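Commentary on secondary and tertiary structure
Spelled out, the chains give:
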Amino acid sequence: MGLFTHIGRYVLWMSRVFKKPEKWRVYRKQIFFEIQSIGYASLGLVALVSLFMGAVLAIQLAYNIDSPLIPMYTVGFGVRDSLILEFSPTIISIILVGKVGSSIASEIGTMRVTDQIDALDIMGVNSTGYLVGPKMIAAVICNPFIAIISMILGMFGGYAAGILTGEVPGNTFIFGLQYAFQPYYITYALIKTAVFAVIITTVPAYFGYHTSGGALEVGRSSTVSVVYSIVVLLTFNLILTQMLLQ
Amino acid sequence: MIEVKGLNKSFGEHHVLKNIDAQFHKGQVNIIIGQSGSGKTVLTKCMVGLFDVDSGTVEYDGNDFASMSFKEKLNVRKDIGMLFQGGALFDSMTVEENIMFPLAMFTDQSLAERRERSQFCLDRVNLPKAAKLFPSELSGGMKKRVAIARAIATNPKYLFCDEPNSGLDPKTGLVIDQLIKEITDEYNITTIVITHDMNSVIEIGDNIHFIYKGEKWWEGSKEEILRTNNQEVVDFVYASKFMKRVRADLAK
């Protein structure tokens, strides 16, 4: 199937996500469930990756600054901007594609091949809305918080690494973190994260929903969905960066 | 009653259903039989609206399903219960949650009322203590019974069963067949069973439709199917050695 066919089918399919729910209380309960499984369950991984990436960023910057003209607080400044502008919104979202996206594609794909989606349709439930809507809303709510947690932990990782290696004094690093800070960068990062949250949930869900066959096809859908999600995410990263930072 | 008129369905070049006309009566177990690949499941999926038909109509109590508005279709679907081959229970929910799901979606019943209805349905299918189990903890026969409980939870007018006793031992298959028959009589619903199991046909079939290469080939009662001389039906019904012996006994 060609790229444009996928895009057209995705748009038509997504229009069903925004239909009025049959019963709000069921959807509300499902959103809370998804917040737990998409958001809360990802915190450990995100915390670990952020902490170490912040530390590595700080060490690399510190070791590469060998000119006396560049002040050491540049390390804190660089760590902060790298985390806020790119690492926490984009790289963390790509990591979440691997964790959350593949799980969504497998879950919905399995539901498709075991007739569970047909069962929903026959009951009169809008299967797309019920399966995808709560996941998308949960991710849009959770992922910006996850990004903020990632930023904070990344900066802490950088701070700790600076002190532990003796390369960057603590107060110098903190001065760098505060230096020339632009609050708009946070807004930019959160907008990107929210858009990526839609991609992380809906693209894998689309591939899972349109799976046909058996276990092999479910696995294939999961793999393809991760690849497509990353490509779409990177494309939107470029577009949003140009739109929001120009 | 469900009436299918001049139904055609193709997938690309492959003409799967050819001008099917059939009536499925209320209060009866209507059985669709035929060889694998004959079009039984496609016919059912067309009837419940999972596939769009190329031409022809499917009428639920005189109302054409295809020409209904979205809301009207939704109302018909609320009256349909379906038992899938594998049960199609929602893995992430307990048995009780599975049965309560359509009630939560389409009724204003309180949790206590839904629980009560769920327990009633579980009692009806002889699984009174299965409420808190997950589908992965159930045997094949139990899954089918829970699927029946879920299908009848909303008091449907039409019950579709896709190969209800496939993968089950003959004794459990018989239990499922009897349950379908009892529920049909008790609630006076239109039941449609797709099967290629002749035991089911003989046990519970009231009105039998034989599909052959996408065509409605033969229709009759279970008594008639045993005595018909239609060659394609005979080849299907008396395919096994055991059934050939039954035919020989009948001829005596």
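Residues numbered from 1 in each chain as written. Chains lettered and ligands numbered in written order. Predicted model: local features only at pLDDT ≥ 70, side-chain atom pairs only at ≥ 80, totals over all residues.

Moving on to the overall build of chain B. Per the secondary structure count, chain B includes 10 helices and 10 strands. In terms of overall size, chain B behaves like a compact globule, its C-alpha atoms giving a radius of gyration of 19 Å where 252 residues would be expected to give roughly 18 Å. For chain B, the proportion of its 252 residues judged to be buried stands at 41%. Across chain B, the fraction of contacts at a sequence separation of at least 24, relative to all contacts at a separation of at least 6, is 66%. (Helix = DSSP H or I, 4+ residues; strand = E, 2+ residues; numbered from the N terminus. Rg over C-alpha atoms; globule rule 2.2 N^0.38 Å. Buried ≥ 20, exposed ≤ 12 C-beta atoms within 10 Å, placed from the backbone. Contact = placed C-beta atoms within 7 Å.)

Further remarks concern the packing of helix α3 (residues 95–106) of chain B against helix α4 (residues 111–124) of chain B. Residues and elements named next belong to chain B. At a minimum axis separation of 9 Å, α3 and α4 run at an interaxial angle of 125°. Looking at the two axes, α3 sits oblique to α4. In this structure, α3 crosses over α4, and the sense of that crossing is right-handed. On α4, the residues that touch E96, I99, M100, L103 and A104 of α3 are R114, R115, R117, S118, C121 and L122. For the contact of α3 with α4, the residue count by class is six nonpolar, one polar and four charged. (Axes fitted to C-alpha atoms, helices over the stretch in contact; angles between N-to-C directions. Parallel < 35°, antiparallel > 145°, perpendicular 65-115°, else oblique. Left-handed = near helix turned anticlockwise from the far one by under 90°. Nonpolar A, V, L, I, M, F, W, Y, C, P; charged D, E, K, R; others polar.)

We now examine the sheet that holds strand β2 (residues 14–24) of chain B. Strands sit in the order β2-β1-β4-β5 (chain B) across an open sheet of four strands; the sheet is antiparallel. Two strands lie at the open edges of the sheet, namely β2 and β5 (63–64) of chain B, each paired on one side alone. (Pairing = 2+ DSSP bridges.)

Time to look at the packing of helix α2 (residues 24–39) of chain A against helix α6 (residues 127–165) of chain A. Axes are the key here: two packed helices are described by the angle between their axes and the distance separating the axes. Residue and element names in this part refer to chain A. Where α2 meets α6, the closest approach of the two axes is 8 Å, and the angle between their N-to-C directions is 45°. Overall, the two elements α2 and α6 adopt an arrangement that is oblique. Remark: the crossing between α2 and α6 carries right-handed chirality. Across from Y27, Q30, I31, E34, I35, I38 and G39 in α2, the residues of α6 making contact are G133, P134, K135, I137, A138, A139, I141, C142 and I146. In the contact of α2 with α6, the residues fall into 11 nonpolar, three polar and two charged.

Below, the discussion takes up helix α3 (residues 43–64) of chain A. Residue and element names in this part refer to chain A. The terminal C-alpha atoms of α3, which comprises 22 residues, lie 31 Å apart, in line with the 32 Å expected from a rise of 1.5 Å per residue. Among the residues of α3, V46, S50, L51, M53, G54, A55, L57, A58, I59, L61 and A62 are the ones counted as buried. Contacts made by the buried residues of α3 are with α4 (74–113) and α6. (Expected span 1.5 Å × (residues − 1).)

Before going further, it helps to examine the confidence of the model for chain B. Overall, the predicted model of chain B reaches an average pLDDT of 90, with 100% of residues at or above 70. With pTM at 0.89, the complex prediction returns an ipTM value of 0.87. (pLDDT = per-residue confidence, 0-100.)

The next thing to look at is the pairing of strand β6 (residues 80–83) of chain B. Residue and element names in this part refer to chain B. Neither face of β6 is exposed, since I80 and M82 on one face and G81 and L83 on the opposite face are all buried. Bridge analysis of β6 against strand β7 (residues 158–162) gives four bridges, and the strand direction is parallel. The partner of G81 across the bridge, within β7, is L159.

Each α-helix winds once per 3.6 residues, and so residues spaced three or four apart point in a common direction. Residue and element names in this part refer to chain A. An ideal rise of 1.5 Å per residue puts 22 Å on 16 residues; α2 measures up with 21 Å between its terminal C-alpha atoms. Of all the residues in α2, the buried ones are E34, I38 and G39. The arc enclosing the buried residues of α2, seen along the axis, measures out at 85°, which places them on a common side. Opposite the buried face of α2, at more than 90 degrees from it, the exposed residues are R25, F32 and Q36. Residues of α2 that are buried make contact with α4 and α6. (Arc of directions from axis to C-beta.)

Turning our eyes to something else, we now look at the interface of chain A and chain B. A common way to express how large an interface is: the accessible area buried when the components associate. Counting from both sides, the interface comprises 13 residues of chain A and, opposite them, 15 residues of chain B. Per-element accounting of the side of chain A that touches chain B gives the leading share, six residues, to helix α5 (residues 116–123) of chain A. Residues belonging to the side of chain A that touches chain B are distributed by class as follows: five nonpolar, three polar and five charged.

All names here are of chain A. Position of S42 among the secondary structure elements: in the loop between α2 and α3. Separated by 101 residues in sequence, S42 and N143 place their C-alpha atoms 9.5 Å apart. Contact partners of S42, with chain neighbours within four places excluded, come to L96, K99, V100 and I146.

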